[in-house]
Amino acid sequence: MKITEHITAAKGKTLFSFEILPPLKGQNIQSIFDGIDPLMEFNPPFIDVTYHREEYVYIEQPNGFLEKKVVRKRPGTVGICAAIQNKYGIDAVPHILCGGFTKEDTENFLIDLDFLGIHNVMALRGDAVKSETYFKPELKGNNFASDLVNQISEINRGQYLDNPLEKNHTTDFCVGVAGYPEKHMEAPSLDNDIEKLKAKVAAGAEYVVTQMFFDNSKFFEFVAKCRKSGITVPIIPGLKPIATKKQLTNIPHRFHLNLPEELIRAINNCKTDLEVREVGVEWCTAQSKELINSGVEVLHYYSMGKSTNIHKIAASVF
Ligand SMILES: Cc1cc2nc3c(=O)[nH]c(=O)nc-3n(C[C@H](O)[C@H](O)[C@H](O)COP(=O)(O)OP(=O)(O)OC[C@H]3O[C@@H](n4cnc5c(N)ncnc54)[C@H](O)[C@@H]3O)c2cc1C
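Attention in this report is confined to the structure presented alongside it. Since the model is a prediction, treat every value here as computed from it, not as a measurement. (Residues numbered from 1 in each chain as written. Predicted model: local features only at pLDDT ≥ 70, side-chain atom pairs only at ≥ 80, totals over all residues. Heavy atoms only, no water.)

1. Some thoughts on the site of the ligand
- Neighbouring the ligand are 22 residues, the closest being Tyr51, Asp127, Tyr180, Asp193 and Lys200.
- Within the backbone of Gly126, a nitrogen or oxygen atom sits 3.0 Å from an oxygen atom of the ligand.
- Side-chain polar atom of Asp193 to an oxygen atom of the ligand: 2.6 Å apart, as the coordinates give it.
- When residues of the shell around the ligand are traced back to their parent elements, those giving at least two are strand S5 (91-97), strand S6 (120-124), helix H6 (190-202) and strand S8 (207-212).
- Ranked by the residues each element gives to the shell around the ligand, the list is headed by H6, at 3 residues. (Near = heavy atom within 4 Å. Polar contact = N/O pair within 3.5 Å; in protein donor to acceptor, adjacent residues only side chain to side chain. Helix = DSSP H or I, 4+ residues; strand = E, 2+ residues; numbered from the N terminus.)

2. Considerations on the pairing of strand S3 (residues 55-60)
- As paired elements, S3 and strand S4 (residues 66-71) share 6 bridges and run antiparallel to each other. Within S4, the position partnered with Tyr58 by the bridge is Lys68.
- In this structure, the hairpin formed by S3 and S4 is closed by a connection of 5 residues, where Gly64 is found at a positive phi of approximately 90°. (Pairing = 2+ DSSP bridges.)

3. Examining helix H5 (residues 145-156)
- Over its 12 residues, H5 runs 16 Å from end to end, which matches the ideal 16 Å to within 8%, given 1.5 Å per residue.
- Within H5, 9 of the 12 residues are buried, leaving the element largely enclosed by the surrounding structure.
- Residues of H5 that are buried include every one of Ala145, Ser146, Leu148, Val149, Gln151, Ile152, Ser153, Ile155 and Asn156, and no others.
- Tucked inside the fold, the buried residues of H5 contact S5, helix H4 (103-116), S6, strand S7 (174-179) and H6.
- Looking one or two residues past H5, Gly158 carries a phi angle of roughly 85°, positive in sign. (Expected span 1.5 Å × (residues − 1). Buried < 20%, exposed > 50% of the residue type's maximum accessible area, 1.4 Å probe, protein only. Contact = heavy atoms within 4.5 Å.)

4. Some remarks on the pattern of salt bridges
- Scanning the entire structure with this criterion turns up 9 salt bridges.
- Between Lys2 and Glu206 there is a salt bridge, and its shortest N-O distance comes to 3.6 Å. Of this pair, Lys2 sits in the segment before helix H1 (3-9) while Glu206 sits in the loop between H6 and S8; the two residues are 204 residues apart in sequence, bridging distant segments of the chain.
- Given a relative accessible area of 15%, Lys2 falls into the buried group.
- Classification of Glu206 as partly exposed rests on a relative accessible area of 25%. (Salt bridge = Lys/Arg side-chain N within 4 Å of Asp/Glu carboxyl O.)

Okay, structure coming up:
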């Protein structure tokens, strides 16, 4: 089923979903199932699987020169999605990026998904590769997520890059895109970022999942601004419970967002990471309850493969 169909079928009841990331190369898929199994009791209608593009590492040679090596530390997004659909019979949503993909790579990726019976995708631009400051699209690749959504919409209409047949197979991908309640780090303003979000919806995106946030008022203000700008599709809040003291600086640095003073104080008062996890769970539970009361269609958790915290939250919320 499409994500939008799950939302319609829920008839106003808030759904539970979460995102996982592929294991590091060299590990097996059991760690993925171990992370999913405990959360199945909350009936997730879909699970997102992130995509991790290549990274460049530079290895010093005996002659002193640096050899550039391209590595993918977390491959396996499509295989994990197929395995999830096969094992649990629930929809898996692979993330797909502009970065590292030519339009032809994208087309082939989508053909694989279609043949595997995976009909939901989350379309993202992706970040710059770690050794570079700015995002660079592939030659003959998509520049922005809106271009990628456009390509997916074209395939949905049976328009392939080289239109191989007189009458091509039409796909039926339901496309999600990212939204940023505290604006994307490169956007000159929140209003400008929302205009770009609107372009993604105009290109065919049927729902939005937000970046994590720790202050619900930021989400409510964002949704109000989106609605005012004419975006009518579901906006699904993305939530993450803080789990370590280090995240007080890591999360703002990585995602360019603010943490509320009250949460910072509570975490700073903790003596151990176990206490931090308790504070994180409590905070995220309170956020979840308020969001459900406000009528959100889905609560989407960034589990990062660690289900214990999410289980505690879901157990008191769903
Ligand atoms: C829910 C969610 C899931 C994610 N999953 C992954 C993942 O699996 N793998 C991964 O690598 N990353 C993931 N990311 C991170 C994401 O790839 C980065 O945040 C990336 O920097 C932006 O992606 P985007 O799709 O929002 O880009 P875009 O929507 O293309 O926006 C990127 C920037 O460009 C601006 N912009 C957009 N269109 C235009 C235009 N036409 N002209 C000028 N400026 C424009 C926007 O305002 C924004 O500042 C995820 C993020 C979220 C919120």
